[in-house]
Amino acid sequence: MLSNTLLHPLALRRADAADLPGVLTLLADTSEWLHSRGVRQWPRGGFGPERIEPLIAERVLYLVDDELRYLELDDEAPPVATIALDDHADPEFWRRADDPGSALYVHKLAVARPWSGFGLGDALLDWAGSMAHASGSRWLRLDCAKNNPQLQDYYRKRGFRHLRTVDLPHRSSGALFERPAEEAATTAFRDLTVAELIGV
């Protein structure tokens, strides 16, 4: 895995209300990049605040920050990456036979373009798998665009198994993936959420 975290130390933390503009910027930039490649997974221009604010309020949205940005007093800089992790199984995709409660679900995984290729997506998926394992969940699951074979191949290479594709005309997403929830170490960022777990 490529890494420049020695030059730019990274930290993972929970998002708070003040992070909303940066998250919206990151997701909008990612959406535009996807659209430029012909992928319609997310709405053009990203998501409205009404889609992201509940994730922040529920404390299930996480950010990776470049810790050097605080030295430059650049509070407007968007996060390096974001991921939401929760137990909300989309009822249009996940059936009762899937045992939806046996998994945690990844949503809104995005890495800023300048940080693409440094293994942050891999590290966030490993972190999410560890969180799922720690919660007692059996699976880490996600859905992605039906018409994005490159992204689907990415998930397969990261140990995810394609379960099926749910083809709903009003949804761009629908390719369903899962992998076993397993503990995995990552050195790509400092996990500041650990302090929350131990009460520090």
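Just above, that's the structure.
Quick notes on the rules
- Residues numbered from 1 in each chain as written.
- Predicted model: local features only at pLDDT ≥ 70, side-chain atom pairs only at ≥ 80, totals over all residues.
- Heavy atoms only, no water.
- Pairing = 2+ DSSP bridges.
- Helix = DSSP H or I, 4+ residues; strand = E, 2+ residues; numbered from the N terminus.
- Contact = heavy atoms within 4.5 Å.
- Axes fitted to C-alpha atoms, helices over the stretch in contact; angles between N-to-C directions.
- Core = buried A, V, L, I, M, F, W, Y, C linked by side-chain atoms within 4.5 Å.
- Buried < 20%, exposed > 50% of the residue type's maximum accessible area, 1.4 Å probe, protein only.
- Polar contact = N/O pair within 3.5 Å; in protein donor to acceptor, adjacent residues only side chain to side chain.
- Salt bridge = Lys/Arg side-chain N within 4 Å of Asp/Glu carboxyl O.

Trainee: So what exactly am I meant to see when it comes to the sheet that holds strand E5 (residues 139–145) here?
Mentor: Strand pairs in the sheet, formed through backbone hydrogen bonds, run parallel or antiparallel to each other. As summarised here, the arrangement of the eight strands in space is E6-E7-E5-E4-E3-E2-E1-E8, forming an open sheet in which the pairing is mixed. Each end of this open sheet is capped by a strand with a single partner; those strands are strand E6 (161–165) and strand E8 (190–191). With four bridges joining them, strand E2 (residues 61–66) and strand E3 (residues 81–86) adopt antiparallel strand pairing. Along E3, the bridge assignment pairs Val64 with Ala81. On top of the sheet, helix H1 (residues 20–36) reaches E2, E3 and strand E4 (103–111); it is set at about 80° to E4, its chief contact. With respect to the sheet, helix H4 (residues 149–157) is in contact with E4, E5, E6 and strand E7 (173–180), its orientation differing from that of E5 by roughly 165°.

Trainee: Help me out: how do you make sense of the nonpolar core in this one?
Mentor: Note on soluble globular proteins: their nonpolar side chains tend to be buried together. With 51 residues, the main nonpolar core has Ile52, Leu85, Val106, Trp127 and Phe189 as its most contacted residues. In terms of residues, this core owes the most to one element, helix H3 (residues 120–134), which gives eight residues. Apart from the residues within four sequence positions on either side, Phe189 is in contact with Leu10, Ala11, Leu12, Val64, Leu120, Ala123, Leu124 and Trp127. Among the nonpolar cores identified, the runner-up in size contains eight residues, and Ala103, Tyr105, Trp139 and Leu176 belong to it.

Trainee: Explain the environment of His170 to me, please; I cannot follow it from the model alone.
Mentor: Tracing the backbone shows His170 in the loop between E6 and E7. Look at His170 and you get exposed, because its relative accessible area is 54%. A polar side-chain atom of His170 sits 2.9 Å from a polar atom in the side chain of Glu92.

Trainee: When you look at the pattern of salt bridges in this model, what are you seeing that I'm missing?
Mentor: Opposite charge on two side chains makes pairing possible when the charged atoms of those side chains draw close. Following the criterion strictly, the structure yields twelve salt bridges and no others. When the shortest N-O distance is used, the salt bridge between Glu32 and Arg44 registers 3.2 Å. Taken together, the positions of Glu32 in helix H1 and Arg44 in the loop between H1 and helix H2 (49–57) put the pair twelve residues apart, joining distant regions of the chain. A residue is classified by how much of its surface remains accessible, and Glu32, at 32% relative accessible area, is partly exposed. Take Arg44: its relative accessible area is 58%, and that puts it in the exposed class.

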